[in-house]
Every structure is written in C-alpha cells, then in structure tokens.
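Tertiary structure, described
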Amino acid sequence: MKKFLRFLLWCIVAFFVTSIGATLYYKWMPVKYTPLMLIRGIEQWRQGQPQKRVHEWRDLSDISRQLPIAVMASEDQRYLRHHGFDLHAIADAVDERERTGRSRGASTISQQTAKNVFLWPNSTWVRKGLEAYFTVLIETFWGKKRIMEVYLNSIEMGPGIYGAEAVAREHFGCSARQLTREDCALIAATLPNPRRFSSLKPSPYMLKRQRWILKQMRSVKPIERDED
C-alpha cells in the first residue's frame, strides 16, 4: 500500500509539473499539433477518407483584427471581462435547461482553447474537470491576447481545416490578414459546428447568423495587439 501511495503521489506531482511546463512552453511557442488533429486524422483513416490537415500558424498581428471581434461577438462577448469562466452564461444555460429541457453550451473562448490544445472533444466529467484546470493555467500564464492567438490558430474551422490562415486560404482565397469584416463574421458563424456549417458554401441560416454577428460586432471591444 505504501508503494502504491508513493507511486500515486509521484504521478500527481508529474502531472502538475508536466501540465504547468507545457502551458509555459506554449506561452511563447506556436501550437502546431493538437489532440483534435490526431483524432480527426484517425477518423479519416477509419472511414477510408483522404488524410487532410491544413494548418499554418500566424501571429495575432498577421490575422485580420476583425476576426477576434467576430469570434467574441459570436462565442463569448464577455471574454475580456471574465477570468476564464462566464458565470452569467452558466447561470443562463442552467435556467434555460430547467425551463425548456434543452441544453446549450456556456464554454468561454478560454475553455475552448484549453480543450483544443490539451484535451479531447468528448464531453465527460473527467474532461470537464481537466478543462477547468487548464483554463485556470492559461488564464494565469498566457493572458487574453495569447489565448486569443492560440484559439484562432488551433480551432477547427472546417473538415481538416484548423486556424485562421488555413480557412482564409481554403475558403476565401486570401491570407488571414486580408479577411474582410464580412468574411470574419461568416467564419465565426460556423464555430458551433464547423463540420456541419461551412463558410465556403453558406446556407441561408448561416447568412442570417452572419448578419446577426455583424450587428453584435459593433459593441465588442477589440483586443489590444502588438502594433496597436
């Protein structure tokens, strides 16, 4: 029993050391590969589909300044005001579930970034607990600008497409820096389910959502960037 407890203690210590070390590493280094990319690659292989992984890292200064505004308008309008967890959104989601029986997400951009970089997509209590832990880490060590930079580079934006530069090249024929305000709103409109909704061939629903996001963008404060 003592050997087991000693082993368990070492495992816990190793987990904290490696997780904090990885978080500090990604504070400065590009995130070039994520667990989701691996999972999607395995899914493509199992389904006999061609392997596709389009991903090019870009600094936040090389991404259209409208894209962070669009994703905040769409996904997390209190992003610059909370510390990783939006308690208002959580309370609203709980209230809606009690009233209607429907569940809706309340994950912030920080939580989504923690999940994208360090974890897997399936929703379990273990993953949710680890997501909360890594969210605290990146909020503590990275800050809002870096979290947004990693988010825009790692998030899935279409089948086999990851990050702003990849979706700009694949769907709009330009660089991430050249994306227009309308392009950015359309990309943000896909984020609840980028494998179902496409910014390349938007449906009437997507165009309606794009117009809503464009209106919301007027009241979203931009993130300060290096060249600001």
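Along each chain, numbering runs from 1 in the same order as the chain's sequence is written. Note on the predicted model: pLDDT of at least 70 is required for a residue's local features to be given, and 80 or more for side-chain atom pairs to be given and counted; whole-chain, interface and lining totals, by contrast, use all residues. By convention in this description, side-chain values take in all heavy atoms of the structure and omit both hydrogens and water.

For this analysis, a ring pair means two rings from Phe, Tyr or Trp (six-membered ring only for Trp) whose centres lie within 6.5 Å, classed as stacked if their planes differ by under 30 degrees, edge-to-face if by over 60, and tilted for the remaining angles. According to the stated counting rule, one finds 10 aromatic pairs in the structure shown. Taking 4.4 Å as the distance between ring centres and 10° as the angle between the ring planes, the aromatic pair formed by F118 and F134 counts as stacked. One end of the pair, F118, is in helix α5 (residues 109-118); the other, F134, is in helix α6 (residues 125-141), and 16 residues separate them in sequence. The pair F118 / F134 is uniform in exposure class, with both members buried. Between Y133 and F134 the ring centres are 5.3 Å apart and the planes differ by 70°, which places this aromatic pair in the edge-to-face class. Among the residues examined, F134 registers a relative accessible area of 6% and is labelled buried. Directly above the aromatic system of W28 lies the positively charged group of K27, at a separation of 5.6 Å from the ring centroid. We count a stretch as a helix when DSSP gives it H or I for four or more residues in a row; a strand needs E for two or more, and each element gets its number in order from the N terminus. Buried, partly exposed and exposed residues are distinguished by accessible area as a fraction of the type maximum, computed with a 1.4 Å probe on protein chains only: under 20%, between the cut-offs, and over 50%, respectively. Consider the ring centre and the ring normal. A charge sits over the ring if Lys NZ or Arg CZ is within 6 Å of that centre and within 35 degrees of that normal.

Glancing now at a positive patch on the surface. For patches, a residue must show more than 30% relative accessible area and have no salt bridge; joins then use 9 Å for like charges and 5 Å for nonpolar side chains, namely Val, Leu, Ile, Met, Phe, Trp and Tyr. Here the open area of atoms and residues is found with the Shrake-Rupley method and a 1.4 Å probe, where only the protein chains shown may cover a residue. Put simply, a salt bridge is a Lys or Arg side-chain nitrogen that is within 4 Å of an Asp or Glu carboxyl oxygen. His is not counted here, nor are the chain ends, while Lys and Arg score as positive and Asp and Glu score as negative. To locate a charge, take NZ of a lysine, CZ of an arginine, CG of an aspartate or CD of a glutamate. The grouping of K208, R211, K215 and R218 at the surface amounts to a positive patch. Take R218: it is sitting in the segment after α10 (204-217). What makes R218 exposed here is its relative accessible area of 69%.

Turning next to the pattern of salt bridges. Note on pairing: side chains with opposite charge can pair once their charged atoms come close. For the structure on display, the rule yields 12 salt bridges. In this structure, the salt-bridge partner of E156 is R40, at a minimum N-O distance of 2.9 Å. Separated by 116 residues along the polypeptide, E156 in strand β2 (residues 156-158) and R40 in helix α2 (residues 35-46) bring together distant segments of the chain. When sorted by exposure, E156 lands in the same class as R40, which is buried. Between R127 and E131 there is a salt bridge whose closest N-O contact spans 2.7 Å. Of this pair, R127 and E131 both sit in helix α6, separated by four residues, roughly a single helical turn. An identical accessibility class is assigned to R127 and E131; each is buried. Overlapping salt bridges, with partners in common, bring together R40, E43, E156 and R195 in one network.

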